[in-house]
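An overview of the molecular structure
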Amino acid sequence: MIKPDMINKDGSQTGMTSSEKPILEIRDLGKSFGSVRVLHDISLTVMPSQVVVIIGPSGSGKSTLLRCCNCLEVPQEGSITICDKDIVTDGKMLPDKELNALRMHVGMVFQSFNLFPHLCVLDNVAVGPRKLRGMGKADAEALARRQLAKVGLENRADAYPAQLSGGQKQRVAIARALAMEPRVMLFDEPTSALDPELVGEVLQVMKALASEGMTMIVVTHEMGFARDVADEVLVMDGTVIEHGTPEEIFSNPRHPRTQSFLQSILSPG
Amino acid sequence: MDLDFSPVWQGMGGLMHGALVTVEVTVAALALSCCVGLLVGIARLDPKKRIIYTVASTYVLFFRGTPLLVQLFLLFFGLPQFDIMLPAFTCGMIGLGLYSGSYVSEIVRGAIQSIDNGQMEAARSMGMSYGQAMRIIILPQAVLRMVPPLGNEFIALIKNSALVSLLTISDLMHEGQKIISISYRSLEVYLAVALIYLVLTTAASQILRHVERRLRVGGMVQ
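Residues numbered from 1 in each chain as written. Chains lettered and ligands numbered in written order. Predicted model: local features only at pLDDT ≥ 70, side-chain atom pairs only at ≥ 80, totals over all residues. Heavy atoms only, no water.

1. Observations regarding the overall build of chain B
- Of the regular secondary structure elements, chain B holds nine helices and zero strands.
- Scanning chain B from its N terminus toward the C terminus, one meets helices and strands in the order α-α-α-α-α-α-α-α-α.
- Principal-axis analysis of the C-alpha atoms gives chain B an extent of 70 × 50 × 25 Å.
- Expressed as a percentage of its 222 residues, the buried residues of chain B come to 45%.
- Partitioning the intrachain contacts of chain B with sequence separation of at least 6 by distance along the chain shows that 74% fall at a separation of at least 24.
- In the form shown here, chain B has an accessible surface area of approximately 11,400 Å², with 68% of it arising from carbon and sulfur atoms.
- Taking the average location of the 16 positive side-chain charges in chain B and that of its 13 negative ones, the two points are 13 Å from each other. (Helix = DSSP H or I, 4+ residues; strand = E, 2+ residues; numbered from the N terminus. Buried < 20%, exposed > 50% of the residue type's maximum accessible area, 1.4 Å probe, protein only. Contact = heavy atoms within 4.5 Å. Areas by Shrake-Rupley, 256 points an atom, 1.4 Å probe, with all protein chains shown as cover. Lys, Arg positive; Asp, Glu negative; His and termini not counted. Charge placed at Lys NZ, Arg CZ, Asp CG, Glu CD.)

Written out as structure tokens, the structure is:
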């Protein structure tokens, strides 16, 4: 079992203090699809304002791990605790009602955006606050405009998703998640479906979020982002095979799988 | 061959009244059909919900798998054996509605299942319940995809409604036969009846085209 250390923003290590409780705690997680065991023996603690980046070859279970964190996938073994609530323990999920309430605190951004195509940009962002947080139309729209401004898209509020570029779509998706005012944000390969020249605008928004102190778990192949923004990098291959600061992982990888993975991704061909 | 359309002109009032009855029974049946179809279609989304799924599937099996005429006769001539006597119009509406509902349920199910799974995931990950996600996110998108096949179903329903003439309902078909029974001008009267059905089905497809255009908002490309 690997237990990543808790690391503060400045890189110094601390134990858990009474004032600072972990936002997310994963213990001994295991998950199989049929007879295929995709995740095993994963433990992870994420503290407030921490940015954890998960890297690893495709098929290594990164996305599955992330999707377990809001029960889009149900792990059969182990437990996950978010904001002091056990959302899943040994395959048993929290009752639907409590799970829905908890999911509001966990924002998710998908590789394929998953914006709602029948709603305009403003409604995409406002629909959550209106329907789930009980806000009035005017309040929800004001909040939505603030979040859109944050991702630099306040002038596209009346557009429909089909009229946006990929990078704009993903920024709207981030604004949509932020409008729920989540405690932690999950990013599932947010730039993998984008044209190369559009990746930067999304990463920029994510960097800004991180510097504001948002707690983030990011699955990505953007090593530059991992190096600059991550407090902790996990390398996965069915389980966490190595973890540490970006410095440790990128400059001095210990595990041979990490070494070969980084080599193939940093100097392809 | 001499054609004599004068019985048609003389009986035009009856035919128009019959056409109105046809429209009434069809629209009432369509409303029932859409309600039943929506519920059954949603019930058949998840085979793991055993009881609901089995009940809904049995309904589809029966109403899609037996002739509409037999279903109408069961309602009209069969139910009185249990002392349930429904007015002819009610039998016609229920029979047509339940028959058509079995097809509509498959239209509904197909449309919902064609919506990308990521939509449901995005909605659920925000904290929406399954019902909220269905209502706010999935169905509004699915409805648009239902319109073209629903148009087919609507037109089939108008044509199938001719069968309710056998339940003594004075619909378009029934009124036509009344004229024939006095004038013996089958060809002319049936031609006229066919033409009026054609007008009704054409109008229906125009209405649906209009509805589809109204629903297709903004830059929504599907």
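Text resumes after the structure shown.
2. Re the sheet that holds strand 1 (residues 24–33) of chain A
Residue and element names in this part refer to chain A.
- Read from one edge of the open sheet, five strands run 2-1-4-5-6, paired in antiparallel fashion. The sheet is open, and its two borders are formed by strand 2 (36–46) and strand 6 (92–93), each paired with just one other strand.
- Two strands pair when backbone bridges link them, and strand 4 (residues 77–82) and strand 5 (residues 85–89) are joined in this way by four bridges, in the antiparallel orientation. What sits directly across from S79, in strand 5, is T89.
- Relative to strand 5, helix 2 (residues 96–103) is tilted by about 120°, and along the sheet it contacts strand 4, strand 5 and strand 6. (Pairing = 2+ DSSP bridges. Axes fitted to C-alpha atoms, helices over the stretch in contact; angles between N-to-C directions.)

3. Some words on the pairing of strand 11 (residues 240–244) of chain A
Residue and element names in this part refer to chain A.
- Across the five residues that make up strand 11, a large majority, five, are buried.
- Looking at chain direction, strand 10 (residues 232–236) and strand 11 are connected through four bridges and run antiparallel. Directly across from L234, in strand 11, lies its bridge partner H243.

4. Structural notes on the confidence of the model for chain A
- With 92% of its residues at a pLDDT of at least 70, chain A reaches an overall mean of 90.
- Here residues 1–18 of chain A is modelled with pLDDT under 50, and outside its nearest four sequence neighbours on either side it reaches 40 contacts, counting other chains as well. (pLDDT = per-residue confidence, 0-100.)

5. As for the nonpolar core
- Grouped together as the largest cluster of nonpolar side chains are 61 residues, with contacts concentrated most on L24, I26, I80 and I87 of chain A.
- The element that contributes the greatest number of residues to this core is helix 7 (residues 130–160) of chain B, accounting for nine residues.
- The residues contacting I87 of chain A, other than those within four sequence positions of it, are C68, C69, N70, C71, I80, I82, K92, M93, L94, L99 and L102 of chain A.
- The next biggest cluster of nonpolar side chains, apart from the first, holds 54 residues, and it includes L153, L209, A226 and I241 of chain A. (Core = buried A, V, L, I, M, F, W, Y, C linked by side-chain atoms within 4.5 Å.)

6. Some details on the interface of chain B and chain A
- Each partner contributes residues to the interface: chain B has 22 residues there, and chain A has 24 residues.
- With both sides pooled, the region where chain B packs onto chain A buries about 2,000 Å², and carbon together with sulfur makes up 62% of that total.
- For the pair chain B and chain A, the interface holds two salt bridges.
- R124 of chain B serves as the salt-bridge partner of D96 of chain A, at 3.4 Å between the closest nitrogen and oxygen.
- At the boundary of chain B with chain A, the tally comes to seven residue pairs in polar contact (both at pLDDT 80 or more).
- For the side of chain B that touches chain A, the elements supplying multiple residues, two or more each, are helix 6 (117–126) and helix 7 of chain B.
- Ranked by the residues each element gives to the side of chain B that touches chain A, the list is headed by helix 6 of chain B, at eight residues.
- Within the side of chain B that touches chain A, the residues separate by chemical class into ten nonpolar, nine polar and three charged. (Buried area = accessible area lost by both parts, 1.4 Å probe. Salt bridge = Lys/Arg side-chain N within 4 Å of Asp/Glu carboxyl O. Polar contact = N/O pair within 3.5 Å; in protein donor to acceptor, adjacent residues only side chain to side chain. Nonpolar A, V, L, I, M, F, W, Y, C, P; charged D, E, K, R; others polar.)

7. Things to note about empty space enclosed by the protein
- Under the defined criterion, the tally for this structure stands at two cavities of 30 Å³ or more.
- In this model, the largest cavity occupies a volume close to 80 Å³.
- In this structure, the largest cavity is lined by R103, M104, V106, G107, M108, F110, R176, A177 and M180 of chain A together with A122, S125 and M126 of chain B.
- Within the residue set of the lining of the largest cavity, elements represented by two or more residues are strand 7 (106–109) and helix 5 (166–178) of chain A together with helix 6 of chain B. (1 Å grid on protein atoms, 1.4 Å probe; cavity = no way out; pocket = protein on both sides within 12 Å on 5 of 7 lines; lining within 4 Å. Points joined across faces, edges and corners; volume = space filled by probe spheres on them.)

8. Some details on the environment of L15 of chain B
Residues and elements named next belong to chain B.
- As for its placement among the helices and strands, L15 is situated in helix 2 (residues 12–43).
- A sequence separation of 162 residues divides L15 from Q177, and the C-alpha atoms of the two residues are 9.9 Å apart.
- Those residues in contact with L15, other than ones at most four positions away along the chain, are V8, L172, E175, G176, I179, V193 and I196.

9. Regarding the layout of surface pockets
- Considered as a void within the structure, the largest pocket measures approximately 720 Å³ in volume.
- Along the wall of the largest pocket there are 22 residues; nearest its centre are D46, N117, M120, R124 and Y130 of chain B.
- Going through the elements one at a time, helix 2 of chain A together with helix 5 (88–114), helix 6 and helix 7 of chain B are the ones with two or more residues in the lining of the largest pocket.
- Of the residues belonging to the lining of the largest pocket, the class tally is twelve nonpolar, two polar and eight charged.
- Computed from the structure, the second largest pocket encloses a volume of approximately 310 Å³.
- Together, 15 residues line the second largest pocket, and C34, V143, V147, L150 and L208 of chain B are the ones closest to its centre.
- If you list the elements that add at least two residues to the lining of the second largest pocket, you get helix 2, helix 5, helix 7 and helix 9 (186–215) of chain B.
- Of all the elements, helix 7 of chain B adds the most residues to the lining of the second largest pocket, at six residues.
- When the residues that make up the lining of the second largest pocket are grouped by side-chain class, the tally is 15 nonpolar, no polar and no charged.

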